[in-house]
Every structure is written in structure tokens, then in C-alpha cells.
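# Results of the structural survey
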Amino acid sequence: MKVLLLNPPSFEDFDGGAGSRYQATREVRSFWYPTWLAYPAGMMPGSRVLDAPAAGLSVAETLELAKGYDLFVLYTSTPSLENDSAIADKIKAQDPKAVVCFVGPHPSVLPEETLAACPSLDFVVRGEFDYVVPEVAGDRPLADVAGISWRGPGGAITHNPDRPLIHDLDPLPFVSEIYKRDLNYKDYVIPWIQYPYVSIYTGRGCSSKCIYCLWPQTYSGNAYRTRSVDNVMAEVKYIAENFPEVKEIFFDDDNFTEDQPRAIEIANRMKPLGISWGCNAKVTAKYETLKAMHEGGMRVIMVGYETGDQAILNNVRKGTTVEQAREFTKNCKSLGIIVHGAFVLGLPGESKESIAATINFACDIDPDTIQVSLASPYPGTKFFDQCIKEGWLNEQLVNSSGIQNCAINYPGLDSRDIFMAVETFYKKFYYRPKYVAKVLIKAFSDFEEMKRIYQEAKEFYSFIAKRRQAIKDPVN
């Protein structure tokens, strides 16, 4: 079978496919690579990865490019399921013989519901699909493929046995080879990562037990499975040789510093290459680890602070303390590491007082950049189960424009208050005289930086206007 692996067209600037951790329209244009789709593509000659949102492709353009393929693998998510089902219907209408499947966390935890919601689906994959797709493409009968749920004759749904997680990751192909083959790397931008960039995984899964985190609970598991350092470095060298214009590599593991000796070993191997890089980390990373990574070329680090309220950290089983977060940030600043801080409003225990405390905390520790999200209870997470049990869930995760809704109401704290607090957070952080002065100095010292800041400011204010409209006239 000839296979098209598709991140379907969606809402404008909807960063919801494959490698993304933010399944909604972003404040400024941001796209992660479709990393998950690239793995099976590397095992199937003649296949193609098509990332429609990043490439700006319409539905009509996508359907035209889809002609001539036999098996369609669509990456879907809870917020985009309805949209992606409509795309699947159009694929089937164009070619009734096409075989269509959905992959990703949503079909992994709700396979029967996903198949029921989209009659055009032939099967869904539960969990990792790296080897599943090549097996189906090689004409193995669906009844013999582990890890799938499929629609048989007469529409009956069958759930095949589970497929174990992949523990030996080294035999998997380099996703960067598929990026080069199928994608335009200039379509991918993350504002706090140097442009252009390439992101890869050096491992999968995370041992942390955060109740809100989608990936470990639904897809990649609560154990950190890693590639060998030699295997990682071989891909780094491939990127360096084949993407000469790329300014930064990002190791997009959930928590690259979970295995700190390994992180140090990779940093030591990166050092002689002179390549700028970044990673995701937890505030438990030690000073010695941060120092070694920075000396090895790490420029930027993304960390999930989530909140400045210790009770909320405890409620969501983050496994960290506010003081650890302060110490981590202090260490990064002393070493010259750029910090991108992620915060979440609306986690269990949130109040107007805790929101104010989190904003003050962010301003106090002063990371270089921030992103502020609304707590999203995804099916398959303990947070979702708690919301259902307590009756907190009251909205879809995104509205009809892809803007993130506040999907929860708490006693004494309305969803509207949480929603509007995002804008307040951004303004109080970014409008500080100290921060404004820093941005102006950067802008007037570098014309390219000035253009970038201007463009991002335009996109941000447009996004804020859309959010305000969404709260005035909610459409779900």
C-alpha cells in the first residue's frame, strides 16, 4: 500500500499535530514537527508525511495531494476530532477504496468512541504506531495486527490485543531524514527557539505522575525509555550535515533531564560540535547538570512551572516545590541559560488568590519568556476523571476557531475568571518596565530582532482580540 501520513488541515495556526504539546491555536505562530508520523514513514519507501497546518494547505489542496495513496494515517486529538473526521469523510468520498486510520492519544484511550464518531474510519491504533502502520501497509490482515481496534464486516468493532511499548528505540529511523525528504523545515517556528530549528526525541515517556499531563498517561507511558547516546549523536551529526541553515536543535523529550548522568553525557558529546541546542526539563535538574549542559552548547531550556502555589503542585502530583523552582531559575540565570517558563491556570485548587500568587511568582523569578495555558482535562488523564467525578467539566476544550476554552468551573471560581486571567498574566509579566526595557534594547541593537518582535507583537494582539471575542460570543 502507498501510505500518506497526514496532520490534517485544521483551525488557523492550530498547533495540534504529532509532536505538539499544545493542541489549540497559539498566541503567535508556532509549529512543532510531526515527529510521531515521521517514524513509520521512515520504514515505508514511497510513503509521505504531509503536515497541512504548518504548510498552510487548505482542505482542497490536501485532497488533491492525497490522490494516488491507498492508506491514510491521520493524527488526531480530542479538540480536532470533529474536524479530522470530516477530512476522513472527504478522503473516502474521493476514493471509496481508501483505508483510513486515526492515531494519537485520543483514539488510544477512546478507540470505540472514535470509530463510532467517524464512520469513514477503518481502524484506529491504540498507543505507539511505529510498527503498526508498516504492518498494515504490507497487507497483514487487520485481524492479525496487535494494538488496533477495527471495523469489520457489518460494522462490528473488534479490539485486538494490546501491543507492548517499544523499549529498543535505536532501530527506529531518524525522523530528521523524513523531515528532509517530505517537509520544509522553514515552515516550523517556535518563538523562543532560534529559527530555523529541528526537534527530535532522544527518549519517550516520563516517570512523573502529573495528573494533567496528556502524553505519559495516554500514549508514551510512565517510564523514560531512551535511545543510546551513540544513536542520538549520529542523528545530531546527520542534522548538522543536512540542515546547514538550522541554528538550533531541540531535544523534545518530556523531561530530558530525568536521567541526569545521560543528559550530561550527551552534553559532553555535543560540546566539540559547537551546535546550539535546547531541551525540556524539570526544576529538579541539579546545578551541576545544568552547568554541564550549558557548557555543552545548551542555550535554552523549557520548564513547566505550572503554578506558584504549593498546594496546587501537591494536588496535581507535580513532585516539585516552589522553592525548587526558584533555585532552578536562579541557577539557570547564573549560568546564562535562557529560560522559557510554562504556566497553567485552572488546575485543581485554583482560586483568585492562587492565580495572583502565580503571576507574582512568575514576575519574581523572571524567566526570559513564558507561555500561559488553561488547564485542559483530556480523556485518559486522572485530571479528566477527577473533573467528571466532581462535576467540574462544562465546556469543550477549544471553540470553533481553535481558541482554548476554559473547560472547567470550580466552586467559587468561574471559568470566565480563569479564562480572562490568561490575558492578565501576560500583561503583568510582559508590561513590566524592566522587561519592556530589555526588549527595546534587543530590538534597537538588531534589525532582524526588531522585525521578529514586531511580527510577534502583531500576532499576539490579534490573538488577544480573538480571545476577547470568544468570551463575548462563545461558540463551541
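Just so we're clear, the structure is a prediction, and the values are computed from it rather than from any experiment.

## Observations regarding the sheet that holds strand β15 (residues 369-374)
Read from one edge to the other, the open sheet built from six strands follows the order β8-β11-β12-β13-β14-β15, with strand pairing classed as parallel. The sheet is open, and its two edges are formed by β8 (197-200) and β15, each paired on a single side. Taken pair by pair, the neighbouring strands of this sheet meet at an average axis angle of 20 degrees, ignoring direction. The pairing of strand β13 (residues 298-306) with strand β14 (residues 338-345) spans six bridges and is classified as parallel.

## With respect to the side chain of threonine 202
Secondary-structure assignment places threonine 202 in the loop between β8 and β9 (203-204). On the basis of relative accessibility, which here comes to 0%, the residue threonine 202 falls in the buried class. Within the structure, the side chain of threonine 202 is placed 2.5 Å from the side chain of aspartate 253, a separation counted as a polar contact. When sequence neighbours within four positions are dropped, the list of residues in contact with threonine 202 reads Tyr224, Thr226, Arg227, Val232, Phe251, Asp253, Phe256 and Arg262.

## Brief notes about the packing of aromatic side chains
Throughout the structure, instances matching the rule amount to 25 aromatic pairs. Taken together, a centroid distance of 5.3 Å and an interplanar angle of 20 degrees make the contact between phenylalanine 251 and phenylalanine 256 stacked. Seen from their ring centres, tryptophan 392 and tyrosine 410 are 4.8 Å apart, and the 80 degrees between their planes marks the pair as edge-to-face. Of this pair, tryptophan 392 sits in the loop between α16 (382-390) and α17 (415-430) while tyrosine 410 sits in the loop between α16 and α17, placing them 18 residues apart in sequence. Neither residue differs from the other here; tryptophan 392 and tyrosine 410 are each classed as buried. Across the ring face of tyrosine 69, the terminal group of lysine 2 is positioned such that the distance to the ring centre comes to 4.9 Å. One cation-aromatic arrangement involves arginine 204 over tyrosine 39; the distance from NZ or CZ to the ring centre is 4.6 Å.

## Some points on the layout of surface pockets
Considered as a void within the structure, the largest pocket measures approximately 1600 Å³ in volume. In terms of lining residues, the largest pocket is bounded by 43 residues, among which Pro191, Glu449, Arg452, Ile453 and Glu456 are the most central. Elements with a minimum of two residues in the lining of the largest pocket: β14, β15, α17, α18 (433-445) and α19 (447-472). At 11 residues, α19 tops the list of elements feeding residues into the lining of the largest pocket. Split by residue class, the lining of the largest pocket holds 21 nonpolar, six polar and 16 charged.

## A short note on unusual backbone geometry
Following tyrosine 195, the chain continues to proline 196 via a peptide bond in cis, the omega torsion being -5 degrees. Tracing the chain through its elements places proline 196 in the loop between α8 (175-182) and β8. A positive phi angle, near 70 degrees, is found at aspartate 139, a position not held by glycine. In this structure, aspartate 139 sits in the loop between α7 (132-137) and β6 (148-151).

## Focus on a nonpolar patch on the surface
Taken together, the side chains of Val436, Leu440 and Phe444 define a hydrophobic patch exposed on the protein surface, amounting to about 300 Å² of accessible area. In this fold, phenylalanine 444 is placed in helix α18.

## A word on helix α10 (residues 229-242)
Across its 14 residues, α10 extends 20 Å between first and last C-alpha, which sits within 8% of the 20 Å expected from 1.5 Å per residue. All of the buried residues in α10 are Val229, Asn231, Val232, Met233, Glu235, Val236, Tyr238 and Ile239. Contact partners of the buried residues in α10: α8, β8, β11 (248-251) and α11 (260-270).

## Points about the environment of glutamate 82
Position of glutamate 82 among the secondary structure elements: in helix α4 (residues 81-94). Along the backbone, glutamate 82 and cysteine 118 are 36 residues apart, and their C-alpha atoms lie at a distance of 8.4 Å.

## What to know about the pattern of salt bridges
A full pass over the atoms with the stated rule returns 22 salt bridges. Residues joined in a network through salt bridges with shared partners are Glu128, Asp130, Arg204 and Arg225.

## Re the nonpolar core
Membership of the largest hydrophobic core comes to 131 residues, with the highest contact counts inside it found for Phe251, Trp277, Met293, Ile301 and Tyr305. Here the element with the most residues in this core is α17; it accounts for seven residues. Sequence-distant contacts of isoleucine 301, defined by excluding residues within four places in its chain, comprise Cys279, Ala281, Leu290, Met293, Phe328, Cys332, Ile337, Ile338, Val339 and His340. In terms of nonpolar packing, the next biggest core, distinct from the first, is built from 21 residues, Leu57, Leu63, Val100 and Val124 among them.

## Brief notes about the state of the cysteines
Summed over all chains, the structure comprises zero disulfides. Not part of a disulfide, cysteine 101 finds its nearest cysteine sulfur in cysteine 118, a span of 11 Å. According to the relative accessible area criterion, cysteine 101 is buried, its value standing at 0%. Free cysteine cysteine 279: the closest other cysteine sulfur is in cysteine 332, separated by 9.2 Å. According to the relative accessible area criterion, cysteine 279 is buried, its value standing at 0%.

About the cut-offs
Residues numbered from 1 in each chain as written. Predicted model: local features only at pLDDT ≥ 70, side-chain atom pairs only at ≥ 80, totals over all residues. Heavy atoms only, no water. Pairing = 2+ DSSP bridges. Helix = DSSP H or I, 4+ residues; strand = E, 2+ residues; numbered from the N terminus. Axes fitted to C-alpha atoms, helices over the stretch in contact; angles between N-to-C directions. Buried < 20%, exposed > 50% of the residue type's maximum accessible area, 1.4 Å probe, protein only. Polar contact = N/O pair within 3.5 Å; in protein donor to acceptor, adjacent residues only side chain to side chain. Contact = heavy atoms within 4.5 Å. Phe/Tyr/Trp six-rings, centres within 6.5 Å; stacked < 30°, edge-to-face > 60°. Lys NZ or Arg CZ within 6 Å of the ring centre and 35° of its normal. 1 Å grid on protein atoms, 1.4 Å probe; cavity = no way out; pocket = protein on both sides within 12 Å on 5 of 7 lines; lining within 4 Å. Points joined across faces, edges and corners; volume = space filled by probe spheres on them. Nonpolar A, V, L, I, M, F, W, Y, C, P; charged D, E, K, R; others polar. Patch = residues over 30% accessible without salt bridge, like charges linked within 9 Å, V, L, I, M, F, W, Y side chains within 5 Å. Areas by Shrake-Rupley, 256 points an atom, 1.4 Å probe, with all protein chains shown as cover. Salt bridge = Lys/Arg side-chain N within 4 Å of Asp/Glu carboxyl O. Expected span 1.5 Å × (residues − 1). Core = buried A, V, L, I, M, F, W, Y, C linked by side-chain atoms within 4.5 Å. Disulfide = S-S within 2.5 Å.

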